[in-house]
Amino acid sequence: MTDLDRATLLDGLLRYVREELATGVPSDRIGVDSPLLELGVLDSVRTARLLAHIRTTYGVRVPPVHMTGEHFRTLETITDLILLLRAQTASL
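What counts as what
- Residues numbered from 1 in each chain as written.
- Predicted model: local features only at pLDDT ≥ 70, side-chain atom pairs only at ≥ 80, totals over all residues.
- Heavy atoms only, no water.
- Helix = DSSP H or I, 4+ residues; strand = E, 2+ residues; numbered from the N terminus.
- Contact = heavy atoms within 4.5 Å.
- Expected span 1.5 Å × (residues − 1).
- Buried < 20%, exposed > 50% of the residue type's maximum accessible area, 1.4 Å probe, protein only.
- Axes fitted to C-alpha atoms, helices over the stretch in contact; angles between N-to-C directions.
- Parallel < 35°, antiparallel > 145°, perpendicular 65-115°, else oblique.
- Left-handed = near helix turned anticlockwise from the far one by under 90°.
- Nonpolar A, V, L, I, M, F, W, Y, C, P; charged D, E, K, R; others polar.
- Core = buried A, V, L, I, M, F, W, Y, C linked by side-chain atoms within 4.5 Å.
- Salt bridge = Lys/Arg side-chain N within 4 Å of Asp/Glu carboxyl O.

(A) Spatial organisation of the side chain of Thr74. In this structure, Thr74 sits in the loop between helix H3 (44-58) and helix H4 (75-90). In this structure, Thr74 is in contact with Val32, Asp33, Ser34, Pro35 and Leu36, ignoring residues within four places of it in sequence.

(B) Region of the structure containing helix H1 (residues 6-20). For H1, which comprises 15 residues, the first-to-last C-alpha distance of 21 Å matches the rise-based estimate of 21 Å (1.5 Å per residue) to within 8%. If you check which residues of H1 are buried, you get Leu9, Leu10, Gly12, Leu13, Leu14, Tyr16 and Val17. On its buried face, H1 is in contact with H3 and H4. Of the residues trailing H1, Ala22 is marked for its positive phi of about 45°.

(C) Looking closely at the packing of H1 against H4. One way to put it is that H1 packs onto H4 with a least axis distance of 10 Å and a crossing angle of 125°. In terms of their interaxial angle, H1 and H4 are classed as oblique. Of the two possible hands of crossing, H1 and H4 adopt the one that is right-handed. From H1, Arg6, Leu9, Leu10, Leu13, Leu14 and Val17 reach across to H4, where they touch Leu75, Glu76, Ile78, Thr79, Asp80, Ile82 and Leu83. In terms of residue class, the contact of H1 with H4 is built from 9 nonpolar, 1 polar and 3 charged.

(D) Examining the nonpolar core more closely. By size, the foremost hydrophobic cluster in this structure holds 24 residues, and its most contacted members are Leu13, Leu50, Ile54, Phe72, Leu75, Ile78 and Ile82. The set of elements that each furnish at least two residues to this core consists of H1, H3 and H4. Tallying contributions element by element places H1 first for this core, with 6 residues. With sequence-adjacent residues up to four places away left out, Phe72 is seen in contact with Leu36, Leu37, Leu42, Leu50, Leu51, Val62, His66, Met67, Thr77, Ile78 and Leu81.

(E) Region of interest: the side chain of His66. Looking at where His66 falls in the secondary structure, it is placed in the loop between H3 and H4. On the basis of relative accessibility, which here comes to 17%, the residue His66 falls in the buried class. Look past the residues within four positions of His66 in its chain and what remains in contact with it is His71, Phe72, Leu81 and Leu85.

(F) How the structure looks around the pattern of salt bridges. With the rule as written, the count across this model stands at 3 salt bridges. In this structure, Asp11 and Arg15 form a salt bridge, with 2.4 Å as the shortest nitrogen-oxygen distance. Highlighted residues: Asp11 and Arg15, both in helix H1, separated by 4 residues, approximately one helical turn. Residue classification places Asp11 among the partly exposed positions, given a relative accessible area of 39%.

Here it is in structure tokens:
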């Protein structure tokens, strides 16, 4: 697992959501603190795609217990979750 700073991770997630999820929401309305669920950016299919992206790109599996609206509220909260899970995995 490589070192990954918060800003780089956040930028990568923002780019992925804007370019790959085809949400129908104008990309300029999607920011790091945008309410993803409220805007309709994330639904069950897009969340599954995002989880797969997180697993393959960042090497992090998100356990079901962490798949909550609180953790997936914004790209900032998703970033925090990924960093938390990476830190927990690294300490094992």
